[in-house]
Structure formats: C-alpha cells, structure tokens
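A closer look at the structure
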Amino acid sequence: MSDPQATPPGNIAILISGTGSNMQAFIDACEAGHLEARISIVISNKPDVEGLRRAAAAGIATRCIDHRDYDSREVFDAALVSALQEHAIDLVILAGFMRILTPVFIEPFLGRLLNIHPSLLPKYPGLHTHQRALGARDSEGGATVHFVTPELDSGPPIIQARVPIRDDDTAEKLAARVLVEEHKIYPLAAQWYMQNRLQLSNTGATLDGQAIPESGIQYP
Ligand code: GRF
C-alpha cells in the first residue's frame, strides 16, 4: 500500500525528435522503480515519430510542438516553456531532441535540464560523433550525460560511459553499442537528481556535494 505521507515523485518532461529509445529507458526505469519520478509529458518537435507512439502506449501525455510553426528559435522555445509550465516540471530530459535551444528555454530550466550526447565530451560536440571517432582512429567511443548550459554540448558533464572501438566497426555498429550504455547512464543521472544528490553549481556539477570531474563520473 502506498504511504500517503510519502513525498510525491518529481515530475519529468522528456523532449524528443525521433525514435525515443532513451525515453523508453526512462519509462522502463520508472516502472522498475530504479527512477523515482513520474514522466508527466513527452514533447516532440516532429509529428508522427516513433517516440510519441511509444510514450502514448505507456499512457504518458504527449504533445507535438512543431518548430516549423514558429518564426524563430526564441518563439519556439517560449512555446516549449509555456507547455512545460502547465506540468510543474522538476527536471527536463533532452533525449535525442534535435533542436538547438536558446537562453529563452535554457535559463528558466538552468540546473534542471539534462542532455545526453553520443561522444566522450569534450570530444566531438555536434553531429556525426561516431564517424568522427572512427575517422580519428580513437580506441573508444561513448556517451556523456551533462547539464545543459547555453553553450552547445558543453555544459558540465555528469556521467560518461566508454565503449571500446573494434577494428571492424562502422558508425552504425558503434552507435548501437553506445546506445545500450546511454540507456543505463541517463536514467541513473536522473535518479541522482531526484534524490537531491546532483546539482549544478557556479563551478560545475556536484554529486553529494563533491565536484564531479571534468569528464564526468565514469560508468560503471
Ligand atoms: C542518442 O544517440 C542520443 O545520444 C542522441 O540522439 C540519439 C537519440 O536516440 N542525442 P533515441 O531517440 O533516444 O533512440
């Protein structure tokens, strides 16, 4: 029986643009009790994407806010902010959300806005990360969960998972193996946030009051 005195779980919003496999990892982590949170809304900037169908199938409220309906990034971002304000959101999760956000969105959610990037940041901000890692003959690829600040893909890292690169790797094969790790580290970072263990301070990210190293906590 649930305890009526218990603190209600925090509200998460997830922003997607496509498949939503990271979003699905959040749904699964909530159902399994690994993430003590409620996913209140999933928003996509693209209609008819797989992620919206997956969220609806899990009984989560969905919304499409199509960036093409707005004249500027700032006006689009303001529409996102007002949609989220309807849900008393504690934490915003960018999960394959393929729009560059402006301070209009970032500032109201600073410190409670996370992203996952498919590289070992600070290496390879931007696109085509796996191809770039292969082209540079790196020995490993990976993914980084980080706080979002106004600079693209360069907010303070929280947690990083490393994946060895194989001789016969292609960008697709490497991406698939990195994605498996993404699904572990992203809900874990959110759980730390929900437990009030994770914070963005003036000097970077902290976990349990300790500064997180510049490349993030290494998983596992
Ligand atoms: C992931 O590789 C994530 O790191 C990047 O976009 C991809 C999203 O995949 N930001 P999915 O939509 O979660 O399956």
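Provided above is the structure to which this section pertains.
To start, this report covers the structure provided alongside it. Keep in mind that what you see is a predicted model, and the values were worked out from it rather than measured. Every chain is numbered on its own, with residues counted from 1 as its sequence reads. Reporting of local features is limited, given that this is a predicted model, to residues whose pLDDT is at least 70; pairs of side-chain atoms are given and counted only at 80 or more, and all residues count toward the totals for whole chains, interfaces and linings. Side-chain measures here rest on the full set of heavy atoms in the structure, leaving out hydrogens and waters.

Moving on: the overall build of the protein chain. The number of helices and strands found in the protein chain is six helices and 11 strands. For a compact globule the rule gives 2.2 Å times the number of residues to the power 0.38, and the radius of gyration it is set against comes from C-alpha atoms. Rg of the C-alpha trace for the protein chain: 17 Å, near the compact-globule value of 17 Å for 220 residues, within the 12% margin. Judged by the C-alpha coordinates and their principal axes, the protein chain covers about 50 × 40 × 35 Å. Here the protein chain holds 220 residues, and the buried ones make up 49% of them. Each accessible area value is a Shrake-Rupley result obtained with a 1.4 Å probe; residue values ignore everything except the protein chains displayed when judging cover. Just so you have it, the protein chain exposes about 11100 Å², and 51% of that area is on carbon and sulfur atoms. A run of H or I in DSSP counts as a helix once it spans at least four residues, and a run of E counts as a strand once it spans at least two, with each numbered from the N terminus. Type-normalised accessible area, obtained with a 1.4 Å probe on protein chains alone, sets the label of each residue: buried when under 20%, exposed when over 50%, and partly exposed for intermediate values.

Take helix H6 (residues 171-194) next. For H6, which comprises 24 residues, the first-to-last C-alpha distance of 34 Å matches the rise-based estimate of 34 Å (1.5 Å per residue) to within 8%. One axis is fitted to the seven residues ending at the residue and one to the seven starting there. The bend at that residue is the angle between these axes. Approximately 25° is the largest bend angle found in H6, and it occurs at Glu 182. An expected span of 1.5 Å times one less than the residue number is assigned to each helix.

Right, let's get into the nonpolar core. In this description, a nonpolar core means a group of buried Ala, Val, Leu, Ile, Met, Phe, Trp, Tyr and Cys residues linked to one another through side-chain atoms lying within 4.5 Å. Ranked by internal contacts, the top residues of the largest apolar core, which has 64 residues, are Ile 14, Ile 93, Phe 105 and Ile 158. It is H6 that provides the largest number of residues to this core, a total of nine residues. Apart from residues lying up to four places away in sequence, Ile 93 is in contact with Ile 12, Ala 13, Ile 14, Leu 15, Phe 26, Leu 114, Tyr 186 and Ala 190. A contact between two residues is defined here by any heavy atoms of the two lying within 4.5 Å.

Once that is clear, we can look at the sheet that holds strand E10 (residues 210-211). Strands are treated as partners if at least two bridges between them are detected by DSSP. Taken together, the three strands give an open sheet; going across it, the order is E8-E9-E10, and neighbouring strands pair in antiparallel fashion. The sheet terminates laterally at strand E8 (198-201) and E10, the two strands that pair on one side only. Sheet analysis places E8 next to strand E9 (residues 204-207), joined by four bridges and oriented antiparallel. By the bridge assignment for E9, Leu 198 is matched with Leu 207.

Another point: the site of the ligand. By convention in this text, a residue qualifies as near a molecule or strand provided that one of its non-hydrogen atoms is within 4 Å of it. Around the ligand sit Thr 19, Gly 20, Ser 21, Asn 22, Gly 96, Ile 116, Pro 118, Leu 179 and Glu 182, and that is every residue in its neighbourhood. Polar contact is defined as a pair of N or O atoms within 3.5 Å, subject to the rule that within protein one atom must be able to donate a hydrogen and the other to accept it, and that residues adjacent in sequence are counted only when both atoms are side-chain atoms. In this structure, an oxygen atom belonging to the ligand sits 2.6 Å away from a side-chain N or O atom of Ser 21. Glu 182 places a side-chain nitrogen or oxygen 2.8 Å from an oxygen atom of the ligand. Within the complex, the protein chains bury 81% of what would otherwise be the 370 Å² of accessible surface of the ligand. At the level of elements, helix H1 (21-32) and H6 are the ones that each hand at least two residues to the shell around the ligand. Residue classes follow a fixed rule: Ala, Val, Leu, Ile, Met, Phe, Trp, Tyr, Cys and Pro count as nonpolar, while Asp, Glu, Lys and Arg count as charged, and any other residue, Gly among them, counts as polar. Its residues assigned to classes, the shell around the ligand shows three nonpolar, five polar and one charged.

The criterion for an aromatic pair is that two Phe, Tyr or Trp rings (for Trp, the six-membered ring) have centres within 6.5 Å, with stacked assigned to planes under 30 degrees apart, edge-to-face to planes over 60 apart and tilted to the rest. According to the stated counting rule, one finds four aromatic pairs in the structure shown. Residues Phe 26 and Tyr 186 carry aromatic rings whose centres are separated by 5.1 Å and whose planes lie at 85° to one another, so their mutual orientation is edge-to-face. Of this pair, Phe 26 sits in helix H1 while Tyr 186 sits in helix H6, placing them 160 residues apart in sequence. A single burial state applies to Phe 26 and to Tyr 186, both of which are buried. An aromatic cluster is defined as three or more aromatic residues linked by ring pairs; in this entry it consists of Tyr 70, Phe 76 and Phe 97.

Here we come to the sheet that holds strand E2 (residues 37-44). Spatial strand order, E3-E2-E1-E4-E5-E6-E7-E11: eight strands in an open sheet with mixed pairing. Every other strand in the sheet has two partners, leaving strand E3 (62-64) and strand E11 (217-219) as the edge strands with one partner each. Mean inter-strand twist for the sheet, computed between neighbouring axes without regard to direction, equals 20°. Note that strand E7 (residues 157-164) and E11 share three bridges and pair parallel. As a rule, the C-alpha atoms of each element are fitted with a line to give its axis, helices using only the stretch in contact, and angles between N-to-C directions run from 0 to 180 degrees.

When the terminal C-alpha atoms of H1 are compared, their 16 Å separation across 12 residues agrees well with the 16 Å that a helix rising 1.5 Å per residue should span. Structurally, H1 contributes buried residues whose contacts are with strand E1 (10-16), E2, helix H2 (50-57), strand E4 (91-94), strand E5 (113-117) and H6. In the segment just after H1, Gly 33 is the residue with positive phi, at about 85°.

Moving on, we come to the side chain of Ser 17. Among the secondary structure elements, Ser 17 is positioned in the loop between E1 and H1. For Ser 17, the side chain forms a polar contact with the side chain of Asn 45, separated by 2.6 Å. A polar side-chain atom of Ser 17 sits 2.7 Å from the main-chain amide nitrogen of Met 98. Look past the residues within four positions of Ser 17 in its chain and what remains in contact with it is Ser 44, Asn 45, Lys 46, Val 49, Ala 95, Gly 96, Phe 97 and Met 98.

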